[in-house]
There are 2 protein chains.
Amino acid sequence: MKFKIDYQSNTLVDQVEESILDYIKRNKLVPGDSLPNEMALTTEIGVSRNVLREALSRLRMLGIIQSRTNRGIIIQEPSLFTGFEKVIEPHLLSESTIIELMKLRIVLEIGLTDLLFKHLNDNYISELERIVLSHEAVNYNLTLEQETEFHNKLYQITGSEFLISFQKIIHPVFVYAKNNYDNYFAPTNERLRAEKKLITHKDLFNLIKARDMEGYRMAIKLHLATYSDFIEKKTEK
Amino acid sequence: MKFKIDYQSNTLVDQVEESILDYIKRNKLVPGDSLPNEMALTTEIGVSRNVLREALSRLRMLGIIQSRTNRGIIIQEPSLFTGFEKVIEPHLLSESTIIELMKLRIVLEIGLTDLLFKHLNDNYISELERIVLSHEAVNYNLTLEQETEFHNKLYQITGSEFLISFQKIIHPVFVYAKNNYDNYFAPTNERLRAEKKLITHKDLFNLIKARDMEGYRMAIKLHLATYSDFIEKKTEK
DNA sequence: ATAATATATTTGTACTACAAATAGTATAAA
DNA sequence: TTTATACTATTTGTAGTACAAATATATTAT
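Residues numbered from 1 in each chain as written. Chains lettered and ligands numbered in written order. Predicted model: local features only at pLDDT ≥ 70, side-chain atom pairs only at ≥ 80, totals over all residues. Heavy atoms only, no water.

Draft legend 1. Summary view of the domain arrangement of chain A. Domain annotation of chain A identifies domain 1 (12-75) and domain 2 (83-236). Relative to domain 2 of chain A, the C-alpha centre of domain 1 of chain A lies at a distance of 41 Å. (Domains from an automatic or database assignment.)

Draft legend 2. Local environment of the pairing of strand 3 (residues 72-75) of chain A. Residue and element names in this part refer to chain A. Taken together, the two bridges between strand 1 (residues 34-35) and strand 3 define a ladder with antiparallel strand orientation. Bridge pairing in strand 3 links S34 to I74. For strand 2 (residues 65-68) and strand 3, the ladder comprises four bridges, and the chain directions are antiparallel. What sits directly across from Q66, in strand 3, is I74. As consecutive antiparallel partners, strand 2 and strand 3 are separated by three residues, and within that stretch N70 has a phi angle of approximately 60°, a positive value. (Pairing = 2+ DSSP bridges. Helix = DSSP H or I, 4+ residues; strand = E, 2+ residues; numbered from the N terminus.)

Draft legend 3. Geometry of helix 9 (residues 161-180) of chain B. With 20 residues, helix 9 of chain B should reach 28 Å at 1.5 Å per residue; the first-to-last C-alpha distance of 30 Å fits that figure. Roughly 40° is the biggest bend found in helix 9 of chain B, and it falls at B:I170, with proline B:P172 one to four residues downstream. (Expected span 1.5 Å × (residues − 1). Bend = angle between axes of the 7 residues up to and from the residue.)

Draft legend 4. Here's a closer look at the protein's contact with DNA strand D. Neighbouring DNA strand D are 24 residues, the closest being A:R53, A:N70, B:L12, B:T69 and B:N70. Within 4 Å of the protein, the atoms of DNA strand D are drawn from sugar and phosphate moieties in a proportion of 60%. The contact in question runs from a base nitrogen of DNA strand D to an N or O atom on the side chain of B:R49, over 3.5 Å. Of all elements in the fold, only helix 3 (49-62), strand 2 and strand 3 of chain A together with helix 1 (12-26) and helix 3 (49-62) of chain B reach the threshold of two or more residues within the surface near DNA strand D. The residue inventory of the surface near DNA strand D, partitioned by class, reads five nonpolar, 11 polar and eight charged. (Near = heavy atom within 4 Å. Polar contact = N/O pair within 3.5 Å; in protein donor to acceptor, adjacent residues only side chain to side chain. Nonpolar A, V, L, I, M, F, W, Y, C, P; charged D, E, K, R; others polar.)

Draft legend 5. Region of the structure containing the interface of chain A and chain B. Across the boundary between the two partners, chain A contributes 58 residues, which contact 58 residues of chain B. Around 5100 Å² of area is buried between chain A and chain B when both sides are counted, 64% of it from carbon and sulfur atoms. Seen at the junction of chain A and chain B, the total is 10 salt bridges. Among the ionic pairs, A:E54 bridges to B:R60, the shortest N-O distance being 3.9 Å. The interface formed by chain A and chain B contains 22 residue pairs in polar contact (both at pLDDT 80 or more). Contributions of two or more residues to the side of chain A that touches chain B are made by helix 1 (12-26), helix 3, helix 4 (82-87), helix 5 (95-111), helix 6 (113-119), helix 9 (161-180) and helix 12 (213-223) of chain A. Take the side of chain A that touches chain B: its biggest share by element is nine residues, from helix 5 of chain A. (Contact = heavy atoms within 4.5 Å. Buried area = accessible area lost by both parts, 1.4 Å probe. Salt bridge = Lys/Arg side-chain N within 4 Å of Asp/Glu carboxyl O.)

Draft legend 6. Structural view of the packing of aromatic side chains. Summed over all chains, the structure comprises 26 aromatic pairs over all chains. With centroids separated by 5.9 Å and ring planes inclined at 10°, the aromatic side chains of A:F84 and B:F81 adopt a geometry described as stacked. One end of the pair, A:F84, is in helix 4; the other, B:F81, is in the loop between strand 3 (72-75) and helix 4 (82-87), on a second chain. With a relative accessible area of 2%, A:F84 lands in the buried category. The exposure class of B:F81 is buried, given its relative accessible area of 8%. For the pair B:F81 and B:F162, a centre-to-centre distance of 5.1 Å together with 70° between the ring planes defines the contact as edge-to-face. Of this pair, B:F81 sits in the loop between strand 3 and helix 4 while B:F162 sits in helix 9, and the two are 81 residues apart along the sequence. For the pair shown, B:F81 and B:F162 are each scored as buried. Aromatic ring contacts, followed pair by pair, group A:F81, A:F84, A:F162, A:F166, B:F81, B:F84, B:F162 and B:F166 into a single cluster. Positioned above the aromatic ring of A:F174 is the side chain of A:R105, whose terminal nitrogen or guanidinium carbon lies 4.8 Å from the ring centre. (Phe/Tyr/Trp six-rings, centres within 6.5 Å; stacked < 30°, edge-to-face > 60°. Buried < 20%, exposed > 50% of the residue type's maximum accessible area, 1.4 Å probe, protein only. Lys NZ or Arg CZ within 6 Å of the ring centre and 35° of its normal.)

What follows is the structure, encoded as structure tokens:
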């Protein structure tokens, strides 16, 4: 099956990129299969090698293809998050995007409860305990690193590779948020503390240790109230 | 601040791409700011225009920059999922990747429960009812489209733009899974039916209508048992 | 002051050229 | 015959030149 061009697309490079992706899909190519070499592709598609290579360069970046001298172009399994990762630069993101990422994190972190308790074992519990105790020893207000260390461990326990990657990738956004929106976060924390509803990592840990899944689910929701409140305040306008 | 090159990277294009991304980050550029034009960049970085343009082409694809004749290169807010979307082609993905995506979907769909009930209103309920009734009228086994229609609506109700996009993007993987792994799914469904634990969309709907959040949470978990069982079977080996 | 025109700049595309890597082939040596 | 070595051809990676198309800016005309 040949290469088709959709002339709607913006530039030639866009068209060629789309055409090659389409070719891979229609021919159901799988990792290990190869694409025609650059010369063949230029004549086949009818563009300059320059344009072709820009399109190939994009696919190479995404990990869909791999090129090697005198071997040609080989399809490979892309890693799903490369593109996503490159794009997560907090300064480039609007507030609404950051809010959407917060929503996503809340959903994930509540949703991973089942997986967390499923994979939980005594080893993990003692690792969590170590983290909680070491932080408790220091201070009332946790540093960002401490905050992160605890939550990372939760993701790790789920054993889901994607959850772990995802968390790692969006982490800088939360660092940024902490630095930029703390004037929003602080009052919420004050209020929760006053109402005795502030859920600390220690509280979460105790529920985990007691294997109280439903209790944990309630608690993690409250623990993330800082973000929910922020979302609320920002979106009610 | 100038452009730095990490000579570790694979090709020159990789180095230039990294260098430009790094430049954007270090200088805290925001959407609307502009990059030096191509000529300036080539001399600054010390590569041919060809190589430079391959790197720029990648960033353009990700939506990080936008180029216009006689205006130069302008930073813009990328859409977070463009890269991810291009890479979701089921034939290119290994089974373990598909399993990871299933895990992610289960976590998301359980996790969105709170958001779902928060945004729930009578309108949504009647929309869901319409869907459920129309499907019930037809047959016992739902088509893929019907399956999708119901779940899409759940995502829509959450009002989270990212959840909706994410669901749309990974959907083809589940179509693919349905077609390829139905020999795994069918027995699970049979078993659940025999044990009277099969949760239909109607069951889910009734819980939603009754605003029984905790009941729903249990139920959606069971409803997704087809996937959990598949994951279990595949990973125990 | 406004409209029309001209000019300069910048990106988009094409083409040529050659270096570097490497798969495949031919040759030499055991 | 087998193995090691050298050679050849192919293919990607990089550089450079050229020009068309778009458009911002400057200039001129009304």
